[in-house]
Each structure stands twice: as structure tokens, then as C-alpha cells.
Protein chains: 4
Amino acid sequence: MSHPPQNDNNPRELIPELCREFYRLGWATGTGGGISIKQDGIYYVAPSGVQKERIRPEDVFELDERQEVRTGSCPVRAGLKISECTPLFFNAYRMRNAGACLHSHSQHVVLVSMLCDKEFRISHIEMIKGIQNAETKKALGYRDTLVVPIIENTDFEKDLTASMAACMEAYPQTNAVLVRRHGIYVWGDTWQKAKGMAECLEYLMELAIRMKQLGLPWTPEEK
Amino acid sequence: MSHPPQNDNNPRELIPELCREFYRLGWATGTGGGISIKQDGIYYVAPSGVQKERIRPEDVFELDERQEVRTGSCPVRAGLKISECTPLFFNAYRMRNAGACLHSHSQHVVLVSMLCDKEFRISHIEMIKGIQNAETKKALGYRDTLVVPIIENTDFEKDLTASMAACMEAYPQTNAVLVRRHGIYVWGDTWQKAKGMAECLEYLMELAIRMKQLGLPWTPEEK
Amino acid sequence: MSHPPQNDNNPRELIPELCREFYRLGWATGTGGGISIKQDGIYYVAPSGVQKERIRPEDVFELDERQEVRTGSCPVRAGLKISECTPLFFNAYRMRNAGACLHSHSQHVVLVSMLCDKEFRISHIEMIKGIQNAETKKALGYRDTLVVPIIENTDFEKDLTASMAACMEAYPQTNAVLVRRHGIYVWGDTWQKAKGMAECLEYLMELAIRMKQLGLPWTPEEK
Amino acid sequence: MSHPPQNDNNPRELIPELCREFYRLGWATGTGGGISIKQDGIYYVAPSGVQKERIRPEDVFELDERQEVRTGSCPVRAGLKISECTPLFFNAYRMRNAGACLHSHSQHVVLVSMLCDKEFRISHIEMIKGIQNAETKKALGYRDTLVVPIIENTDFEKDLTASMAACMEAYPQTNAVLVRRHGIYVWGDTWQKAKGMAECLEYLMELAIRMKQLGLPWTPEEK
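Residues numbered from 1 in each chain as written. Chains lettered and ligands numbered in written order. Predicted model: local features only at pLDDT ≥ 70, side-chain atom pairs only at ≥ 80, totals over all residues. Heavy atoms only, no water.

Spelled out, the test is: UniProt positions are given in the numbering used here, feature names are shortened, and annotations may be inferred rather than shown by experiment.
Under the annotation held in an unreviewed UniProt entry, chain A carries the name Probable methylthioribulose-1-phosphate dehydratase and is attributed to Strigomonas culicis. Quoted straight from UniProt, the Subcellular location (unreviewed entry) entry for chain A says "Cytoplasm". Quoted verbatim from the Function (unreviewed entry) field of UniProt, the annotation for chain A is "Catalyzes the dehydration of methylthioribulose-1-phosphate (MTRu-1-P) into 2,3-diketo-5-methylthiopentyl-1-phosphate (DK-MTP-1-P)."

## Observations regarding the overall build of chain A
Convention followed: What counts as a helix is a DSSP run of H or I of at least four residues, what counts as a strand is a run of E of at least two, and both are numbered from the N terminus. Our radius of gyration is a C-alpha quantity, and the globule rule it is checked against amounts to 2.2 Å times the number of residues to the power 0.38. Three exposure classes are used, based on accessible area relative to the maximum for each residue type with a 1.4 Å probe and protein chains only: buried under 20%, partly exposed in between, and exposed over 50%. Note on contacts: a residue pair qualifies if any of its non-hydrogen atoms lie within 4.5 Å across the two residues. Positive: Lys, Arg. Negative: Asp, Glu. His and the chain ends are not part of the count. For charged residues, the charge sits on one atom: NZ in Lys, CZ in Arg, CG in Asp, CD in Glu.
Within chain A, the regular secondary structure consists of five helices and eight strands. The N-to-C order of helical and strand elements in chain A reads α-β-β-β-α-β-α-β-β-α-β-β-α. The C-alpha radius of gyration of chain A comes to 17 Å, within 12% of the 17 Å expected for a compact globule of 223 residues. Seen through its C-alpha atoms, chain A measures out along the principal axes to roughly 60 × 45 × 35 Å. Counting the 223 residues in chain A, one finds 61% classified as buried. Restricting the contact set of chain A to residue pairs at least 6 apart, pairs at least 24 apart contribute 62%. Positive and negative side-chain charges in chain A, numbering 27 and 29 respectively, have mean positions lying 2 Å apart.

## Side note on the sheet that holds strand β8 (residues 183-188) of chain A
All names here are of chain A. Our working definition: By this definition, two strands are paired if DSSP reports at least two bridges between them. To get an axis, a line is fitted to the C-alpha atoms, and for a helix only the part in contact is used. The angle between two axes follows their N-to-C directions and goes from 0 to 180 degrees.
With respect to topology, eight strands assemble into an open sheet ordered β3-β2-β1-β4-β8-β7-β6-β5, the strand pairing being mixed. Edge positions in the sheet fall to β3 (61-63) and β5 (119-123), since each of these pairs with one other strand and no more. Averaged over all pairs of adjacent strands, the angle between their axes in this sheet comes to 20 degrees, without regard to strand direction. Pairing geometry for β5 and strand β6 (residues 145-151), over five bridges, is antiparallel.

## A few points about the relation of the copies chain C and chain D
For clarity, the threshold we go by: C-alpha atoms of residues with pLDDT of at least 70 in both copies form the basis for the least-squares superposition of the copies.
The operation relating chain C to chain D is a screw motion whose rotation component is 90 degrees, with 0.0 Å of axial translation and a residual RMSD of 0.0 Å. When the rotation and shift are considered jointly, the pair of chain copies conforms to a four-fold rotation axis. Of the C-alpha atoms belonging to chain C, the one lying closest to the rotation axis is found on Gln213 of chain C, 5.8 Å away. Here only 11% of the interface residues in chain C have copies in chain D that are interface residues too; the copies meet through unlike faces.

Encoded structure:
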């Protein structure tokens, strides 16, 4: 029951810490999942294919806006490669001017993606108010219907880049894109907002699975 | 496996610690949920819309009995706002002379609120004995039926104030009010009693959901 | 990821530590549950009605073999009372010469007690081998059927004393007694054995609930 | 939220740490489960029948390639015995030149073993890409079908040695063998790969149980 950490403004400390938390939540086991944070024009990205709960501050890559390792940034451990999610994180940076983007393999998210067609829709749950409308920057209301679009999975993560971008254009109000049988990408103006919305989406999708098992509809129209 | 904390008598330390625990329990993710404690005539309240697991002692507001920030209390970080639950916490302070009141978004609580009409009722479970009758201050018995009333959710948290108060008048024996599709408010004479009863209610509602899935009735009458 | 604690031989340190672990496991929330350990002729017992995850070493009672507070033992905090489970723990000390006895309110245990009549029976699961036959002190085999007897709950915990004792006489091979809609008592020659068997029983009952939901029988005979 | 440990290259520190983590995950409760690591020609193995979350560095055995305690290795605490899984871990060392092998009693794994006949098969889930083909050392693709063979349980752990070896010969591409109603063995070239694949397999089997409960097929052919 120690005090909360004080590294909120240092992405090199914060990314390993958040990855450990995402591992504990089941969002980033088996080396999957991760987070990227932008600060002072630098894009911080975790390495690929490593145990996300054991990343060290010196393992974090610093990229520039062309997705290339910054000249003069700390050299990372031999053998480490940049996260394969990088071009997808940059969709959020380029198209939405995001401050952070995270990727989760949560099982609730994956199950929801198998139960829906093109969109996940839910309404009349208090936690919906934790999600912003990406266009107006206003919080959704309790009676609003949250809509999260779904794209199809591909053989390689980077091949999702174009379909994710097309989906973001088609859904200008969304802060998240589901990838069928794979996971979810969530972004926000700050890492706090990205994480907070990811927690609300995780909550809503876990609740939706339980509602399905109890025969409760996700929206008033559904019945 | 460190020793338990020794901050039981300092609400500025205790509120952040309990909020971290509630986050871990799934009661306060996505910035939702929280707790307020009264001590020596001061009402301590967590800030609104922040990550509840990262509140610091200096983030806690001190209010007077009119729900206004106390003159001379520590200034809080710029941008922090008082929890929107404040008028609901004060229902418990004013109408029941409570020493603490907490709010949880637990999924089990939300599911129970969708499965019931006006009340949640359960009987013949040992953990019912952890709940007090708010009028007599005596613990319920194993054969008693625990009744928790449910109010309808509103668009804004503060708009629950009047209906929660009316519900508390209609149910003088209850220490908790369920808010449909939203969560629960629980209070007690001390923070220990409020937390203990919240844990018993959480346990009973999680158990009730599992009983429903196994076809087991919640009371002998139900069948 | 600190080193494991080194207090294995000091019941005053060990009981608070194990209670915190049982709280985390959902065995001892809402002030329920607990553990007693015997060492050098002294019976160590946790206090009643307090938050089990916040017990301090100085809160632990020392009893003699007549269940009375030992003369000369440390005085405990004003207001603390001995666990109501004490006479039940002493059933295990007197009738089985146990070294420790624990009590859990686990939901899986409570659900199993509602699904069975007089006994819980399961067979052909590897973890059954973690349970001893209390008469022969030998481990059960994979093909053996584990039998855990169930007694009816009463209004007051102490009123379980006689029926638990009668059950222990009727089932000389058991190290555990289920209390319907309430929880379980588990004991062993040492605290390590009591805890290890409690974990195996918890595992087997949680698995049994999941098997029931998937339509899988608990024993070959059941079908 | 401490920094990750720095003992990745010291099996005496790493095995107790990983066992604590496996305990927390439900893979190694009730003294079951465990892990062995090979380094510099020494085979490190945890002791048998002890609480896996409380192993200390000095409790770890050092074996040679004949499975005998190394001359000159630290003496272990009196009464400790080598893990009964040792001959099964050595199947992975001998037949696959593994760097580590772990054993889990996860309930999801046990449930899958009861729902399948000779093999567990799943396809079109992103996390399949975390599993290697043991022959080609290449990662499986998203559209590949992961196949994990199942052997029957025996009365004594060591009696699984021959059937596990035969299964490994029959399935040269697998890094894991399921033991019906018991658990799973998973190995890899390094402890990081063994642990990473174990997490992916755990994820896939937990997801499969949830898919079954929601009526979702595990492969496109199944329907």
C-alpha cells in the first residue's frame, strides 16, 4: 500500500510501469499489447516481442515524427526491435493529434468482437460517460449509444494500418477501434485520458459479455 | 507482504489508499467510484474525474458542513474539482449521521440492479450477518432477508440527490442504495463499518449472480 | 517481487500475513474468515469482527487449552474480542491434535454447499492428491473419491460446535467440514498443511462449479 | 509499482520469483506446479510438495544431466525432495534441447482437457502467433490451427514420463503437452520463451472455455 508513483511526466518510467499494470489486468500477457506516449515532440514506444511486465526504462525507444529512431537517443539493448504496433499508434498521432495510444489483447474485447458484426453498441450504462466524443471532445451521456467500430484482423500487425485509418475516417467520433479476434486500439489527448477510456471500454465489454450470459440486451432497441 | 498501513486515523492518507484498493477490486476504474470520510467535523472528499488509484494525499478536499471548501485547508492542485458524488455523500452525513460513505461501480452491483425491480432481496447466506440494520444498529441474522432498495439513474450524478434522499426515508433500515445501471452508495458509522458492509454487499451480489446462473433462488420464497 | 517472508515460525506475524492473503483470495472479506495456529502449547487466534487484512501482530490473542486468554500474554487493543470461530478451531485441536485450523467464506465453497446434499464428492482430478486421509495420514490417490461432509448452518457461529464435532466423528478421514451457505473449516498437522489442503479444496470446488456449468460430471458414477 | 527484478540470469533467484507469480496466476496453488531452468549445463529444479510461493533461493536443487544432485552444489534444507516433475522436465531437455520447462495446474487447462478427445485445436485468434512451431522455430500464423496433444493422467507423476515422450515424438511441432484432468507441460529454448508460450496457451484455453459458454466454435471447420 505504497504511495502512487511520481513518474507521471517521464515516459521512460511510465511506459514500463503501465505495461506491468496492463500485464496484471490481462491486457498484455505473452508479450502482446503495449502503449506509446508522445511528449515534447518525441514518440516513446515499447519494444516488440518481449515480456511487457519486465520492460526497463532503458528499453523504451524514442522515435521522431517519421517513425525513425531519434538521433542521439539512448541506445537500446542489443536485439530489441520497435513494437510492431508502431504504425498503428501513429495513425492516432497523425489523424487525431493524440498524446498516447494503447493496445490491449483483453479477452472481453476479443469475445465482443466475435459476437458483433461491424460495430459494438451499448447504451444506458453509467460508465459510458467515461468515453469522449472525439469530435466534440465532450463526454457521452448516459442515454447515448456508444459505438465502437470493428475491423478485420490481418496476418501481420502492420497490415492493419490502412484499414484502421479508413475506419477512423469513417468514424470521426470514436477514440477506439476493435480488431476482430485480436484486440483493441484506444487513444486520447493525454495518457491519462487514453488509459481512462480504455478502462471504461474494458468495463463495458466485460459487462456486455456477462449481460449476454444473463439474457440482458445491450441497448433498449435490441430487446 | 508488508505490514498493514498505520494511517487509519488520517483521512488524507487513508482516502488515497482505499481508492487504490477499490481500483484493484474493480469498484473504481476509469476514474469512477470513490469514498468520503468525516473526522472532527471535517468532510474529506476525493477529487472528480481523476484516476482514483493515483490520488495523492494533497489532492483530497476538506469541506465544511455546507459542502464548501474549508477556509484555511490545503490548496489542491490546479484543475482538480470536488467529486460529483459530494451531495450524495452528504445525504448519508445529514440523514444518517454517517462517518463515511463510499460509491462503487462494481459490475456485480450493476448486474443485480438490472435483474431486480425495486429491491434486491437475499436470505440464508452467512455474510448477511455482516450488514447492520440502520435503525437498531444490530447485525442482521442469517435467516433475515436483506433488502437493498434501487433508484433509477439520472443524466447527472447530482440529480440523484433527491431520489436517494427519498429512498433513504422510505427505507430507514438500509445502509445502502443501489442506482440502476450505475452502482451503489454504502455508508456507516465509521469508515471501517462502511467498507466492511460494502464488502459484504459486493460478496452477496456477486454470489447472487452466480446463483442465478446455476438456477439457485435468492430467497426461500422465490423458488 | 520481494523475497518470501521469514516469519514462518512466529504466529503473531504469520496470522496477520495469512489473513491478508486470505482477504486477497476472497476467503476473508467483510471481516469474515480467519486462521488459528498452535505453537508450543499456545493457541494463537485472530480477533473477531475486524478487517482481517488489517490485523496487526499485537492484535493476536494467546489462549490456553481451556480457550482462555493466557495469563501474562500481551494485552490486546481495547475493544477487541476473540474470534467467534474459537470453539470450532478447538474442535480440530482437541479431536484431531491439529497444528492449525482455518475458516473461509469462499464463494465457490458456498455454491458447492448449495448444490450438494450431505457431501461434496469429486474424483479423477490431479489436485485431489493434495488432500490427506486424516486417519492414515496418506495422500489421496488420483482415482480416489474425495468426500467432504456438510453440516447445516446455525444462527450463531458457536452453535456449530456440537454438529461440527459430531460430523468429525462420523467422518474420521476428513480434514475439512463444509457449513451450508456459510463456508468451510480446514485443519492440518501444521499451518502449511492446513493452508495447502485449503488451497486444494478451494481449487476443486471452483473447478466443480465450472464443470457444472459445462455439463461435466464430478465423479465417473454421476454421469 | 517497483522496478522489474534484475535476477533474470540467476536461476536460484528466478525460480522462486516465477513460482510466486505462477501461484498468483492460479497455476501453482496447493504446492502443485513449478518450473525448471537449465543454465551453463546445470539443471535447476524446485523442491517437491512445498508451498511454491514461499520457495527460497537456497531451496532450489542443482542437478546434472543424469538427474542427480550435483556434487558440490549447495545443500538444501533438510527434508526437501526434488520435484516429482523432474523426469518430465528432462523429456524437454533431452528430446528438444529446451532451456526451461514449466508445469501448471491451471483450471482452464484442466477444463479444456475434459472437453477434448486427443487434441486441443484452435484457430483465427491473434494470440496463436505467440506460439512457435517447435520444428521450424517459426511463429504460427493467425490462420494456422494450433494443435496441443493430450495424454492420459496416471497415478504417479513419474509414470507420465514414457507417454509424454511418445507424445512428443508423435507431435514434433508442439512445445506443450496437456495431461488430462491434471495440467500442462510447456517448454522453450529459454525461460522467457517457455513462460511467454505458457501465457499464450493459458490465454487461448481460458478464451476457449468462454467461447464454449457463448456457443462460439474454436475453429472455422467446427461450426
